[in-house]
Amino acid sequence: MRQLFFTSIFAILLHAQSAHAVERIDLSIGNISRPSTTSPLINSFRAGLSWDTDYFKSEGDSVDRSVRIETSVGLNETEMGDVKDATIAPVLHYQFNKIYGRPFAEISAGPAYISRTLWAPYHDLSSRRLFADRIGVGYEFETVEVSLNFFHFSNAGLHKPNPGADMILVRTSFKL
């Protein structure tokens, strides 16, 4: 299954027009909200790369729409030890033009792989192969985007149980 995951990543990156030129470096920190833990307030860390594509790209008077391809790795400090993860996902990015400044909203979903399934006593995600979903709102400055994101891991009901894991993250994206 790992081979399928990495083959999918490679295929998606090959289809991105700018696959060889990284557009952004993304860094996130936050808190695991489910399963709730007694660990430190900051216990989830992510780093990633993203590429712009021309898929579904449109520029309008009030909203610009684009799709990015995003890869990331994470470290989550759980009650049962550190959980590392890797994700890849298309990100649908909406930039609002008629509102003061450059606010945006984005949503993504894609495959993920985690190093361990047990995050807390009685909180087992049942599979290392999961789906990672993210929704966020933020603001774009010249070459930096800052956003607040809800991040979710789930096995989509393919295995029982499916309790999922949630994080609230502050994300900074640096345009290169």
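Residues numbered from 1 in each chain as written. Predicted model: local features only at pLDDT ≥ 70, side-chain atom pairs only at ≥ 80, totals over all residues. Heavy atoms only, no water.

**Things to note about the packing of aromatic side chains**
Heads up, the rule is: Stacked, tilted and edge-to-face are the three classes applied to pairs of Phe, Tyr and Trp rings, where Trp contributes its six-membered ring and a pair requires centres within 6.5 Å; stacked means planes under 30 degrees apart, edge-to-face means over 60, and tilted covers the rest. Counting from the N terminus, the helices are the DSSP runs of H or I reaching at least four residues and the strands are the DSSP runs of E reaching at least two. Partly exposed residues are those whose accessible area sits between 20% and 50% of the maximum for their type, while under 20% is buried and over 50% is exposed, using a 1.4 Å probe and protein chains only.
Tallied over the full model, the rule gives three aromatic pairs. Centroid distance Trp119 to Phe153: 6.1 Å. Interplanar angle 65 degrees. Geometry classified as edge-to-face. One end of the pair, Trp119, is in strand β7 (residues 118-120); the other, Phe153, is in strand β10 (residues 144-154), and 34 residues separate them in sequence. The residues Trp119 and Phe153 share a single accessibility class, namely buried. Chaining the aromatic ring pairs together yields one cluster made of Trp119, Phe151 and Phe153.

**A few points about the nonpolar core**
Our working rule: Take the buried Ala, Val, Leu, Ile, Met, Phe, Trp, Tyr and Cys residues and link them wherever side-chain atoms come within 4.5 Å; each set so joined is a nonpolar core. Contacts were defined at the residue level, with two residues in contact if any of their heavy atoms lie within 4.5 Å.
In terms of nonpolar packing, the biggest core is built from 13 residues, with Ile114, Trp119, Leu125, Phe151, Phe153 and Met167 touching the most fellow members. Going through the elements one at a time, β6 (103-114), β9 (129-140), β10 and β11 (165-175) are the ones with two or more residues in this core. Ranked by residues supplied to this core, first place goes to β11 with three residues. The contact partners of Phe151, leaving out residues within four places of it in the chain, are Arg46, Thr87, Ala132, Asp133, Arg134, Ala165, Asp166, Met167 and Leu169.

**Notes on a nonpolar patch on the surface**
Spelled out, the test is: Surface patches are defined over residues having more than 30% relative accessible area and no salt bridge, joining like charges when they lie within 9 Å and nonpolar side chains (Val, Leu, Ile, Met, Phe, Trp, Tyr) when within 5 Å. Note on areas: Shrake-Rupley, 1.4 Å probe, and residue coverage restricted to the protein chains presented here. Whenever Lys or Arg places a side-chain nitrogen within 4 Å of a carboxyl oxygen from Asp or Glu, that contact is recorded as a salt bridge.
A cluster of nonpolar residues, Ile29, Leu41, Ile42, Ile107, Ile135, Val137, Phe141, Val146, Leu148, Phe150, Ile168 and Val170, forms a patch on the protein surface that exposes about 1,000 Å² of accessible area. Of all the secondary-structure elements, those providing two or more residues to the nonpolar patch are β9, β10 and β11. With a relative accessible area of 46%, Phe141 lands in the partly exposed category.

**Notes on the pattern of salt bridges**
Oppositely charged side chains are able to pair whenever their charged atoms sit close together. Under the criterion given, the structure shown has twelve salt bridges. The salt bridge partner of Arg134 is Glu106, with a shortest N-O separation of 2.9 Å. With Arg134 in strand β9 and Glu106 in strand β6, the pair connects residues that are 28 residues apart, well separated along the chain. Residue class for Arg134 comes out buried when judged on its relative accessible area of 5%. Salt bridges linked by common partners bring Arg24, Asp26, Asp52, Arg68, Glu70, Glu106, Arg134, Glu145 and Arg171 together as one network.

**Overview of the environment of Ala105**
Checked against the element boundaries, Ala105 lands in strand β6. Residues Ala105 and Gln95 lie ten residues apart in sequence; the distance between their C-alpha atoms is 6.7 Å. Other than its neighbours up to four places away in sequence, Ala105 contacts Leu92, His93, Tyr94, Phe96, Gly136 and Val137.

**Observations concerning the side chain of Ser50**
Counted only if it meets this: Pairing of N or O atoms within 3.5 Å defines a polar contact, subject to two protein rules: one partner must be a possible hydrogen donor and the other a possible acceptor, and residues neighboring in sequence count only if both atoms are side-chain atoms.
By the element assignment, Ser50 lies in strand β2 (residues 44-52). According to the relative accessible area criterion, Ser50 is buried, its value standing at 1%. Within the structure, Ser50 has its side chain in polar contact with the side chain of Asp26 (distance 3.4 Å). If sequence neighbours within four positions are ignored, Ser50 has contacts with Val22, Glu23, Arg24, Asp26, Ile69 and Glu70.

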